[in-house]
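Understanding the architecture of this molecule
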Amino acid sequence: MMSYLWLLIAFLTSALVRIVVKLGSNYEIFPFIAFSYSFGSLFALVTRRKIKERIGKVTLKNSLKFGFLIGIINFIAFYSQLLALSIGKASIIFPIISLAIYLAVILSILIYKEPLTLKKVVGIIFSLIAIILLS
Amino acid sequence: MDWLVLTFLAFFAFGLQDFLYKVASVKKSDPSLVTISFLLTVASVSFFILLIEGLSIKNLEILLLLSFANGILFSLTTMARLKCLRKLSASLVFPIIRMSLIVVIIWAVLVLGESLSFENILGIIFTLLAIFLLKGEK
């Protein structure tokens, strides 16, 4: 049940992030990213301290390693998108990039053998059509 | 570099980023620490570029206010993704989160007064159908 609550939070905050980014895109992009991510990491640090959950050395090392890797890849993705948008057609770029999640979905199904039902497959296909139409 | 090559580079990088959320969750990483490390990495690279380019900032107050809101929301959305990916499959989590586009479109219509296109209406219908089919799945 808690997992679905987190999913709902991720859904709503993801939408709000898009709205704020749309507003922020009217200003200088790198200062916006630099300040946003600094405030974000401070927020995560403050909430982490309040939880006071103890973790082992392996978890600590793994968490920092994944965070760093995700950060570098995120920056490459974001910068490539910015460069592509500065010289290419947004009407083609956005729909292609919005489908990137399906790469993660395919990799997760193949590597982690995630269970698939017919209902789920149809739901995923409908979500793909929806995302193309909404992008 | 050709813009289509850059687009596919962004496509693969964003896809890999999402997959790494899944890997980090499977490896039982701490969502808060992953988020701190992730956001600090991007902030450091961005500040480094700012130092090199030496950009001047206009409207600092508004930029800080929007950055503050964006930072907290982005931090929350990252931690929430990592937490739900521990129990739920990526094939459920990512499509549902991506369909939050529907909220942005409703906001654009209600707040910005933008009009809904035929494609948008069809997209909303498919979103609702997809959520109906995916609800209850793991």
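Values in this document were obtained by computation on a predicted structure and should not be read as measured data. (Residues numbered from 1 in each chain as written. Chains lettered and ligands numbered in written order. Predicted model: local features only at pLDDT ≥ 70, side-chain atom pairs only at ≥ 80, totals over all residues. Heavy atoms only, no water.)

A look at the packing of aromatic side chains
Tallying each qualifying case throughout the model produces 13 aromatic pairs over all chains. Taken together, a centroid distance of 6.0 Å and an interplanar angle of 85° make the contact between Y37 of chain A and F38 of chain B edge-to-face. Residue Y37 of chain A is located in helix α2 (residues 29-51), and its partner F38 of chain B is located in helix α2 (residues 31-53); the two belong to separate chains. Summarising the burial analysis for this pair, Y37 of chain A and F38 of chain B share the class buried. Through a chain of ring-to-ring contacts, the aromatic side chains of Y37 of chain A together with Y21, F38 and F74 of chain B assemble into a single cluster. Sitting above the plane of the F66 of chain A ring, K65 of chain A keeps its charged end 5.3 Å from the centroid. (Phe/Tyr/Trp six-rings, centres within 6.5 Å; stacked < 30°, edge-to-face > 60°. Helix = DSSP H or I, 4+ residues; strand = E, 2+ residues; numbered from the N terminus. Buried < 20%, exposed > 50% of the residue type's maximum accessible area, 1.4 Å probe, protein only. Lys NZ or Arg CZ within 6 Å of the ring centre and 35° of its normal.)

Side note on the interface of chain A and chain B
The interface of chain A with chain B comprises 98 residues on the first partner and 107 residues on the second. Summed over both sides, the interface of chain A with chain B buries roughly 9700 Å², with 79% coming from carbon and sulfur. Seen at the junction of chain A and chain B, the total is two salt bridges. E114 of chain A is the partner of K22 of chain B in a salt bridge, and the nearest nitrogen-oxygen pair spans 3.3 Å. The tally of links from chain A across to chain B stands at 17 residue pairs in polar contact (both at pLDDT 80 or more). Taken together, the elements giving at least two residues each to the side of chain A that touches chain B come down to α1 (2-24), α2, α3 (57-87), α4 (90-98), α5 (101-112) and α6 (118-134) of chain A. (Contact = heavy atoms within 4.5 Å. Buried area = accessible area lost by both parts, 1.4 Å probe. Salt bridge = Lys/Arg side-chain N within 4 Å of Asp/Glu carboxyl O. Polar contact = N/O pair within 3.5 Å; in protein donor to acceptor, adjacent residues only side chain to side chain.)

Quick word on the domain arrangement of chain A
Here the domain parsing of chain A yields domain 1 (2-89) and domain 2 (99-135). Taking the mean C-alpha position of each, domain 1 of chain A and domain 2 of chain A sit 22 Å from one another. (Domains from an automatic or database assignment.)

A closer look at the packing of α3 of chain A against α2 of chain B
In the contact formed by α3 of chain A and α2 of chain B, the axes pass within 7 Å of each other and the chain directions differ by 40°. The orientation of α3 of chain A relative to α2 of chain B falls into the category oblique. Of the two elements, α3 of chain A crosses α2 of chain B, and the hand of that crossing is right-handed. Side by side, α3 of chain A and α2 of chain B meet where L60, S63, L64, F66, G67, F68, I70, G71, I72, N74 and F75 of chain A of the first sit next to L33, V34, S37, F38, T41, V42, V45, S46 and I49 of chain B of the second. Here the residues of the contact of α3 of chain A with α2 of chain B sort into 13 nonpolar, seven polar and no charged. (Axes fitted to C-alpha atoms, helices over the stretch in contact; angles between N-to-C directions. Parallel < 35°, antiparallel > 145°, perpendicular 65-115°, else oblique. Left-handed = near helix turned anticlockwise from the far one by under 90°. Nonpolar A, V, L, I, M, F, W, Y, C, P; charged D, E, K, R; others polar.)

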